[in-house]
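# Inside the fold
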Amino acid sequence: MRQIELTINDKAIAVADGTSVYDAARIHGIAIPVLCHQHNEMPVGVCRVCSVDCGEKVLQASCVRPAEQGMKVQTNSEKVKKARRMLIELLMSDHPSPCARQQNSGDCELETLAKTEGITAPRFAKRISPRGHDDSSLVISVDHEACILCDRCIRGCDEIRHNDVLGRRGKGYDAGIAFDLNRPMGNSSCVSCGECMVSCPTGALTNKSVIKTVLPNGTPVGVEEIKQLPFFQNVSGTFLELNANAVIKRHFKAGDIICREGDYGSTAFYMLEGKVEIFLSTPMAHVATGGGVSGFLSKLTSRLTGADKRNSGRTRPHAISIDASVDLAYDNPVAGLGAGDLFGEMTCMSLYPRSATVRASTDCVVLEMLRNVLDVIQRNKTSREKLEVNYRRRALDDHLRTVPLFSSLSPEFIGSLASKVELVRLSKGDVICRQGDIADAFYLVRIGFVKITEEHPGGDLVLAYLGKGGYFGEIGLLTNGVRTATVTALDHVELVRIDGKDFHEMLSLFPAIARDLTAVARQREEQNSRHMAAVTGITLDSFLAQGLMESNSLLLIDLEKCTRCDNCVRACADAHDGVTRLIREGLRFDKYLVPTSCRQCRDPLCMVGCPVGSIRRRNSLEIVIEDWCVGCGLCARNCPYGNISMHPFEVMVKDLAEPAKQKAVVKPKATSCDLCAEHAEPSCVYACPHDAAHRVEPNEFFRTYIESATADRD
Amino acid sequence: MPGRIRATKTLAQRIDREYFKRLFPIPLWRRVLSVAAVCSGLAWLGFRAVAHDHTPYSTGPLTASHAIFAGNCTACHAQGLAIGKKITDGACLSCHDGPVHSAAQTVTPACIGCHVEHRGAGQLLAAESGTCTACHSNLRTKTGKPRVAAGIESFAHGHPEFAALRDGNSDPTAIKFNHKTHVQGDLKVKCIDCHRPAGVDAPWNFGQAPPLSPPVAAAMPHGRTSPRALMQPVNYYEQCSVCHQLNFDDRISDAAPHDKPEVVHAFVTRKLREYIAGHPAELGKAGAPASPEGWVRFRASEDEKQLWTVTCNRCHDLQLAADGALPGVPETKINQRWFAKAEFDHSAHQELQCVSCHPNAPSSTKASDVLLPGIKVCAECHVAGSKGASADCSTCHLYHDWSKTRLADGRFTIRQLM
Amino acid sequence: MRIDRSHRSWAIAALAVFVVALAAYVPYAFGSRPAGGTAPGLVYGVAGYGMMVFAALLGVRKKVPVWRLGRAQTWMRGHIWFGLLTLPMILFHAGFTFGGPLTSLLMVMLFLVFLSGLTGAAIQHFLPGMMKSLVPLETIYEQIPSVREQLRGEADDLGRVLFAQPGDILAPVTVQVLGGVDWDLSGPKGVTMVEMEAEDRTYAGNVYRNTILPFLRNPDDGASVLADPDSAGKFFEALRRKLPAVAHGVIVDLESICEEERQLTRQRRLYLWMYGWLLVHVPLSIALIVLGGVHAVVALRY
């Protein structure tokens with residue numbers, strides 16, 4: 001490391017080449033005031049408070065300016081001081097002095113600086129349009145008025161925590177920080193880790209517990225009481241202090257509902273005492289509506305044409321994966337949990353909707369906690385071990401058995417395998433394995449979602465999304481031992497890892513499994529190569545902008561032939577118990593209307609996050625929503641084209657308050673186009689009298705269009 | 001960029017998922033109008049049916065004479081029979097008579113084969129030639145060889161020459177007559193001076209007025225409405241008497257009657273007796289007998305000799321008796337009708353000159369000449385197609401043999417008909 | 001249906017049937033008097049009626065779109081091409097005469113159905129393309145009132161942004177969601193007011209209430225200055241000149257809302273053309289089949 005020499009405030013110093021002026025000064029005991037710079041974050045030089053005179057025409061922001069050989073730096077000259085004062089005065093003019101932080105702890109960095117500089121009454125007028133407050137988060141209070149746009153929070157969230165929640169929005173006086181796409185903080189993907197709050201120099205982001213809000217419906221738990229629990233044994237007491245209201249104790253009587261399937265939430269539950277029943281209350285049925293002009297005829301035809309054909313060829317799963325350490329059997333989706341069990345992890349960590357309804361069977365005491373607490377617990381070794389033991393004991397066997405290939409293994413082998421597996425935790429963005437790596441393990445997904453992608457010159461191709469109960473890694477182990485795809489965690493993911501050695505041992509003991517696995521592997525390979533073949537690598541703006549390139553199968557309506565007669569919509573409704581999956585609205589491409597009908601995207605965003613895994617893709621293209629959908633609506637929200645709609649339907653369910661009775665409730669279920677897989681042709685195409693509706697593979701279909709357009713461009 | 005973004009998702013979410021199940025104005029009105037149209041159609045038929053009026057189902061207006069049955073289809077149509085056989089002959093024969101055409105015909109067509117109703121208020125009788133030539137173009141009979149020409153395709157093809165002109169037939173008349181001397185000689189007698197359609201009551205140029213016999217209406221065949229179809233038979237008093245006087249004696253101015261020889265003889269003797277009674281001085285003169293009876297006898301035989309051999313013989317070829325008995329007069333056999341099996345109506349042809357159809361008449365010297373025009377003359381005008389006179393078979397021929405018609409004995413009451 | 005090359009085989013088949021029928025008709029007509037009751041006449045009648053029934057079955061087929069009875073477009077092509085043959089068949093059946101009251105009525109109805117069908121085929125050949133070009137902002141016809149209501153809501157929200165007074169609590173611009181659960185896609189609550197002088201605000205408010213709002217309430221009114229694209233363009237241009245630049249974004253949005261309203265009016269008109277002729281075609285054809293059946297039964301009975 002080369003050393004360079006420079007002078008700061010007439011003091012000669014030597015530092016390593018590449019050091020910033022600020023760091024150079026700091027190392028040698030000279031303090032330069034900063035606002036946007038934090039030593040554990042990349043400097044960005046936005047506030048300019050650290051400006052110093054480096055002997056150049058303009059002042060330099062010392063946090064970003066690298067020190068150079070022979071530089072003469074003045075950090076406190078009149079020129080610098082004047083500039084600094086002006087900056088602070090300008091910042092103070094918009095600052096709601098005293099801000100929350102200043103009020104509570106008296107250490108708002110801006111106000112401290114202002115006091116140091118002797119600025120009490122800024123001469124400039126405050127900004128006119130307010131940027132507002134955001135009280136939606138349970139943990140952190142956002143006061144946009146106090147924000148000086150230093151971006152420390154953004155960098156903290158991105159660089160330090162890799163949560164990538166914060167960003168900038170707006171311009172000029174309208175500029176500010178934003179969570180996700182400018183959502184309220186509480187509705188965003190913020191995980192309440194507190195890094196932004198810690199980074200913020202002013203009172204823009206403050207700990208809400210300072211302002212005394214609590215998780216509703218429970219009693220706050222004292223730190224001592226929490227620390228008594230074996231589960232929380234080694235959790236940092238200070239952390240618990242700071243987040244005193246992030247854990248509450250709740251009491252439930254027998255019969256109370258603790259949480260409902262489909263609801264959104266952000267907390268996990270740890271049972272202290274009592275027993276609960278966990279089940280799906282939404283009936284296992286496809287949504288159907290009667291009525292309308294063709295209602296009678298549909299009923300008649302469905303009777304005449306036989307039973308619901310859509311169920312033929314669908315493999316019923318053995319169990320439905322939910323967000324707890326048990327799975328629910330398809331035929332009788334009820335299970336029980338007791339003291340020491342944790343449920344609601346996925347909802348808490350990744351904000352997915354609740355996957356099942358939990359009702360207290362006896363009087364219960366549970367701890368409800370926010371993500372930061374759960375996160376800490378999961379990082380903590382002791383609590384982690386307890387969680388894993390619980391999982392191994394209760395769920396691992398069943399989980400292994402949900403993999404169809406392992407269902408025929410002997411219980412002893414499963415038992416021995418269970419003791420050898422490893423539970424792996426991953427955060428969002430972590431890469432589990434890369435394409436080309438040596439394959440050394442087989443994985444089951446315990447919670448969360450992973451993305452499987454294949455590298456391709458035109459961009460990565462998403463092969464699949466896997467949620468709880470999914471498994472991967474067998475192809476690499478079976479073939480020549482190299483990973484055929486990259487697997488990335490999309491959110492908080494926990495995997496069950498089976499080492500390669502144990503895997504091969506299993507295969508040698510059970511050759512039938514080896515055969516089956518080989519067949520599955522070949523099938524997957526064929527599928528993947530089919531998908532690959534479909535990608536041409538030519539990109540076009542409007543084609544891309546509508547996402548048409550991303551689809552495997554587009555329904556197009558030729559507007560020069562379509563007479564807007566709605567026969568397609570009626571046919572779709574007829575084929576799906578009166579609920580249409582097709583709406584003749586959407587954007588146009590060339591002379592075609594691209595209506596809202598599932599596009600079988602190569603990157604099916606809809607599949608990410610389903611709490612009960614009911615939206616999935618079979619071996620052919622179509623994405624299906626199984627009949628145990630709980631109606632949370634996440635897939636509908638995720639689909640960028642609005643192709644999934646939540647259809648309300650009335651159903652008689654057991655009255656949860658009085659189990660003996662039934663009552664009618666309106667429940668939504670997600671519906672989407674399934675390409676009418678049981679017929680040779682989709683019903684809408686079949687029923688169009690004017691030859692206007694066609695399902696096409698867009699790259700093939702538009703090949704001539706693309707070719708001529710690119711030819712024009714070239 | 002201002003805030004309105006068009007995205008598939010936002011566009012689709014504006015739409016109600018159940019919109020297509022509701023009935024909007026145009027489909028609603030389609031249904032309403034369909035029901036209205038069908039109901040009004042059925043209502044119309046229903047009202048008519050209730051009133052026992054079947055006129056809606058008629059396939060065309062009836063002829064005027066059948067219009068009385070317009071609302072009652074079963075008057076002619078029978079239900080339940082095979083298609084094409086619903087109108088039985090019996091239905092027609094309950095009011096009409098349709099005598100058989102020929103006992104020898106192998107096929108008897110049904111009434112409706114030729115008489116087609118529901119074609120409008122015109123003639124029901126007119127049958128097209130096709131119905132006749134169906135048999136007559138290749139005629140077969142029960143008795144073997146047909147008696148009429150067997151290969152008649154149309155008037156122009158296959159229709160034989162008229163029977164009177166065939167095979168050396170001649171006019172059978174016993175009268176001696178020379179058209180040429182009358183028409184082309186100094187006399188310049190016109191055709192119409194002697195020939196006229198029957199039934200015309202007007203004086204004759206060369207006949208005695210008033211005519212001694214009432215006008216003769218020729219026997220009218222069924223179906224011909226005009227009494228002037230045939231020509232008035234030629235007789236002495238109307239056409240000949242002015243020039244061909246039957247004077248027999250200078251002394252007596254009266255002419256003898258054109259009658260049988262007995263009548264003439266009686267007339268002559270009467271007149272002579274009257275004369276000699278008034279002129280007794282003539283008795284015994286110039287070798288004549290002196291007695292009045294003898295004189296009368298003598299003069300009568302002289303006069304009758306003149307009559308029998310000269311005057312009457314001019315036209316009649318008398319058979320003289322040798323012994324002074326009265327001569328025999330051969331039957332005159334003047335033919336009234338030349339067409340046995342066809343109809344001809346002179347009044348329909350009255351615009352033509354007589355000689356344009358009868359060109360041989362002015363130059364005919366013998367009474368045995370058949371002056372009937374041949375088929376070629378008729379065929380000049382009677383040409384099939386729109387530019388000629390009708391050449392249909394039914395223009396001249398009848399199907400039904402009306403000589404065998406049964407007597408009219410109506411069966412229905414007025415109420416039954418209505 | 002757009003009549004294009006893919007119809008060739010149907011057209012040829014129909015033409016072949018017509019030629020055969022014609023070839024059979026000529027000797028029959030010139031031989032004897034052609035009438036419905038004769039053997040050839042009955043054949044033509046049955047053929048014609050059969051084709052009419054087949055054509056009418058298209059309506060039934062559309063009611064059971066999912067049943068695999070043959071693709072809807074096959075039925076449609078059959079309907080068009082064999083529907084064309086009904087007229088010659090019935091004319092041959094009738095021997096080019098009208099007959100009595102019922103049969104004359106049937107013939108008139110047949111002509112009307114035939115002509116309306118031809119018109120409709122032409123309309124449905126040309127109009128979809130026209131709709132595509134003339135109405136880029138098309139929506140679903142039956143939902144036009146509902147969409148218009150939503151546009152009015154959107155315009156109201158935008159309008160209020162223009163002329164709300166400081167201190168007014170503005171509701172966010174909401175997009176009404178009818179498809180399923182009500183998702184709030186609009187983002188944060190609270191909308192930034194446009195900063196303008198009070199007099200501009202009043203002016204904007206008056207313009208909105210006097211011109212824009214009446215037009216949005218009654219978009220089919222041709223008298224409004226906003227009903228014609230050119231005059232509307234001038235109107236909004238003038239408004240932009242009058243109000244400060246901060247308001248221009250909102251004005252552009254209002255202008256685009258008005259444009260969408262105009263296009264929806266145009267769409268309504270085109271749609272009525274597209275389907276209006278069916279009000280003649282369908283009722284008459286159903287009546288034709290019913291009464292034709294009556295005719296057939298009665299004529300065969302008597």
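Predicted model, so just to flag it, every value in this text is computed and none were measured. (Residues numbered from 1 in each chain as written. Chains lettered and ligands numbered in written order. Predicted model: local features only at pLDDT ≥ 70, side-chain atom pairs only at ≥ 80, totals over all residues.)

## Overview of the overall build of chain B
Scanning chain B for helices and strands turns up 13 helices and two strands. For chain B, buried positions account for 14% of its 418 residues. Partitioning the intrachain contacts of chain B with sequence separation of at least 6 by distance along the chain shows that 58% fall at a separation of at least 24. (Helix = DSSP H or I, 4+ residues; strand = E, 2+ residues; numbered from the N terminus. Buried ≥ 20, exposed ≤ 12 C-beta atoms within 10 Å, placed from the backbone. Contact = placed C-beta atoms within 7 Å.)

## With respect to the overall build of chain A
A count of helices and strands for chain A gives 22 helices and 37 strands. Within chain A, the proportion of its 714 residues that are buried is 44%.

## With respect to the interface of chain B and chain A
A common way to express how large an interface is: the accessible area buried when the components associate. Counting from both sides, the interface comprises eleven residues of chain B and, opposite them, 17 residues of chain A. Class assignment of the residues belonging to the side of chain B that touches chain A gives a composition of five nonpolar, two polar and four charged. (Nonpolar A, V, L, I, M, F, W, Y, C, P; charged D, E, K, R; others polar.)

## Comments concerning the confidence of the model for chain A
Residue and element names in this part refer to chain A. The share of residues in chain A with pLDDT of 70 or more is 83%, and the mean pLDDT across the chain is 80. Every residue in residues 302-314 is under pLDDT 50, and counting partners more than four places away or in other chains gives five contacts. Note on residues 535-539: pLDDT under 50 across the span, and eleven contacts to partners over four residues away in sequence or across chains. (pLDDT = per-residue confidence, 0-100.)

## Things to note about the sheet that holds strand β20 (residues 357-360) of chain A
Residue and element names in this part refer to chain A. Reading across from one edge, β13-β20-β15-β18 is the order of the four strands in this open sheet, with antiparallel pairing throughout. The two strands at the open ends of the sheet, each matched to only one other strand, are β13 (257-259) and β18 (334-337). On average, each strand axis in the sheet is tilted by 30° relative to the strand beside it, whichever way the strands run. Pairing of strand β15 (residues 276-279) with β20, which is carried by four bridges, proceeds in the antiparallel orientation. Directly across from Val 276, in β20, lies its bridge partner Ala 360. (Pairing = 2+ DSSP bridges. Axes fitted to C-alpha atoms, helices over the stretch in contact; angles between N-to-C directions.)

## A closer look at the interface of chain C and chain B
Contacts between the two partners involve 41 residues from chain C, matched on the other side by 36 residues from chain B. If you list the elements that add at least two residues to the side of chain C that touches chain B, you get α4 (101-134), α5 (144-163), α8 (248-276) and α9 (278-301) of chain C.

## Some details on the nonpolar core
Ranked by size, the top nonpolar core spans 173 residues in total, and within it Met 369, Tyr 443, Val 450, Cys 568, Cys 635 and Cys 684 of chain A together with Leu 288 of chain C carry the most contacts. Here the element with the most residues in this core is helix α3 (residues 72-94) of chain C; it accounts for twelve residues. The residues contacting Cys 684 of chain A, other than those within four sequence positions of it, are Leu 555, Cys 568, Ala 571, Cys 572, Leu 582 and Ala 693 of chain A. Membership of the second largest hydrophobic core comes to 51 residues, among which are Val 21, Cys 50, Cys 99 and Val 165 of chain A. (Core = buried A, V, L, I, M, F, W, Y, C linked by C-beta atoms within 7 Å.)

## Structural notes on the sheet that holds strand β26 (residues 461-466) of chain A
Residues and elements named next belong to chain A. Here four strands make up an open sheet; going across it, the order is β23-β28-β25-β26 and the pairing antiparallel. One side of each edge strand has no neighbouring strand; the edge strands of this open sheet are β23 (431-433) and β26. Each adjacent strand pair in this sheet contributes to an overall mean axis angle of 30°, direction not counted. Across five bridges, strand β25 (residues 450-454) lies against β26 in antiparallel orientation. Note on β26: the bridge partner recorded for Thr 453 is Val 462.

## Details of unusual backbone geometry
All names here are of chain A. Residue Pro 98 is reached from Ser 97 by a cis peptide bond, and omega for that bond is -10°. Along the chain, Pro 98 falls in the loop between α2 (78-93) and α3 (100-104). A positive phi angle is found at Arg 48, which is not glycine, with a value near 65°. Structurally, Arg 48 is set in the loop between α1 (21-27) and β3 (51-52). Since 17 C-beta atoms lie within 10 Å of it, Arg 48 is described here as partly exposed. One non-glycine residue, Asp 151, adopts positive backbone phi at about 70°. Tracing the chain through its elements places Asp 151 in the loop between β7 (140-143) and α5 (152-160).

## Quick look at the environment of Gly 469 of chain A
Residue and element names in this part refer to chain A. Mapped onto the elements, Gly 469 comes out in the loop between β26 and β27 (471-472). For Gly 469, a count of 21 C-beta atoms within 10 Å corresponds to the buried category. For the pair Gly 469 and Ser 321, spaced 148 residues apart in sequence, the C-alpha to C-alpha distance is 6.4 Å.

## Focus on the packing of helix α9 (residues 261-278) of chain B against helix α10 (residues 292-311) of chain B
To describe two helices that pack against each other, one gives the angle between their axes and the distance between the axes. Residues and elements named next belong to chain B. Look at α9 against α10: their axes get within 9 Å of each other, and the N-to-C directions meet at 135°. If you check the angle between α9 and α10, you find them oblique. At the point where α9 passes α10, the crossing takes the right-handed sense. Residue-level contacts link Val 264, His 265, Val 268, Thr 269, Leu 272, Arg 273, Ile 276 and Ala 277 of α9 to Pro 292, Trp 295, Val 296, Arg 299, Ala 300, Asp 303, Glu 304 and Leu 307 of α10. (Parallel < 35°, antiparallel > 145°, perpendicular 65-115°, else oblique. Left-handed = near helix turned anticlockwise from the far one by under 90°.)

## Here we look at the confidence of the model for chain B
Looking at chain B, the pLDDT average stands at 80 and 91% of residues meet or exceed 70. If you check the scores for this complex, the pTM reads 0.65 and the ipTM reads 0.88.

## Structural notes on the environment of Pro 373 of chain B
Residue and element names in this part refer to chain B. Here Pro 373 shows up in the loop between α11 (354-357) and α12 (375-381). Linking Pro 373 and His 358, residues 15 residues apart in sequence, is a C-alpha distance of 5.6 Å. Among all residues touching Pro 373, those that are not within four sequence positions of it are Cys 357, His 358 and Cys 378.

## Brief notes about the pairing of β7 of chain A
Residues and elements named next belong to chain A. With burial as the criterion, each face of β7 is covered, one bearing Ile 140 and Val 142 and the other bearing Ser 141 and Asp 143. Pairing of strand β6 (residues 133-134) with β7, which is carried by two bridges, proceeds in the antiparallel orientation. Within β7, the position partnered with Asp 134 by the bridge is Val 142. In the sheet, β7 pairs with strand β10 (residues 205-207) via three bridges, with the strands oriented antiparallel. Pairing of Val 142 across the sheet is with Leu 205, part of β10.

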